[in-house]
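Report on the structure
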Amino acid sequence: MNWGQRSSAADARNEATPYLVEDVVASLADAIILTDSAGRVNMANQAAQQLLRLSEAQLVGRDVADVFARSPQLQRMVERTREHGNNQSSGEEKLFAGHVEIPVRVSCSPIHGRGGGVSGTALVIQDLSYQRKLEDEARRNETLALLGSLVAGLAHEIKNPLGGIRGSAQLLERRSHDDPDARAYTDVIVREVDRLAALVVLHQVGHGFDAGAAPSGPEVEDDDLALVVAELERLGVEAVETEG
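This write-up is about the structure you can find in this document. Only a predicted model underlies this, so the values are computations on that prediction, with no experimental measurement involved. (Residues numbered from 1 in each chain as written. Predicted model: local features only at pLDDT ≥ 70, side-chain atom pairs only at ≥ 80, totals over all residues. Heavy atoms only, no water.)

Some details on the overall build of the protein chain
Note the cut-off: The way it works is that DSSP assigns letters per residue, a run of H or I at least four long becomes a helix, a run of E at least two long becomes a strand, and they are numbered from the N terminus. Remark: exposure states derive from per-residue accessible area (1.4 Å probe, protein chains only) relative to the maximum for the residue type, with buried under 20%, exposed over 50%, and partly exposed in between. Contact definition: two residues touch when any of their heavy atoms are within 4.5 Å. All accessible-area figures derive from a Shrake-Rupley calculation using a 1.4 Å probe, and residue coverage is judged against the displayed protein chains alone.
When helices and strands are tallied, the protein chain shows eight helices and five strands. Ordering the α and β elements of the protein chain from the N terminus gives α-β-β-α-α-α-α-β-β-β-α-α-α. Counting every position in the protein chain, which comprises 244 residues, the buried fraction comes to 29%. Expressed as a percentage of contacts within the protein chain between residues at least 6 apart in sequence, the contacts between residues at least 24 apart total 46%. Accessible area for the protein chain stands at about 15,500 Å²; split by element, carbon and sulfur atoms hold 53% of it.

What follows is the structure, encoded as structure tokens:
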């Protein structure tokens, strides 16, 4: 390749480069805003237009201070980059677009001209909304899991004494079969204990636990009855024998 051919190839690359850069910037998922040396927007990709709720016609030619009037930290970042010629970045910032507050991460890089000076800036804005949504959902799920464990533990602690109360009432009912008033009292005890047990089960179902359980009275197991009988004997009450 002679000098003329190399020169023609270089000219072709130089002519194609701006279009190639523009195509690359336009296709990026993050919002990209390019400014000139005076701080005016000369390009905003599709992601930037969507993020800012502004069209390209509404952005190009406007001063950065005007575009980010409600987000002064972004203005200052562009100004520092233009003045000092070095990269600027930040942690999470708040970007106001219309009536919406958007969590973003921002970086700004200088664009150097042929003479080496700063001829503009490239502002990159990463929308963190989806990331924050995932983090919020993870925290919510963690909170629900902790709440569920607490509910399950409380339900267990509540149902155990309810079983003891119900067993005691049943023993008293058998002992007092000749006393209608006593039987009426024990019926009330059993009925109210069953109502409380049903409320506990419904609360568990509402929090995603024991979904297959039907609201019913607390189960009175042999161990529960044995404890009840022992307690009644301690109190000097003669317990009747239970069948089964």
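On we go from here.
A word on the side chain of Asn45
Condition: Polar contacts here mean pairs of N or O atoms no more than 3.5 Å apart (in protein, one a potential hydrogen donor and the other a potential acceptor; neighbouring residues in sequence count only if both atoms are side-chain atoms).
Within the secondary structure layout, Asn45 lies in the loop between β2 (41-44) and α2 (46-52). Polar side-chain contacts of Asn45 include one of 3.0 Å to the backbone nitrogen of Ile32.

Regarding the environment of Leu52
For Leu52, the location among the structural elements is in helix α2. Along the sequence, Leu52 and Ala97 sit 45 residues apart, while their C-alpha atoms lie 5.1 Å from each other. Ignoring anything within four residues of it in the chain, the contact list for Leu52 reads Ile33, Leu59, Val67, Phe68, Leu95 and Ala97.

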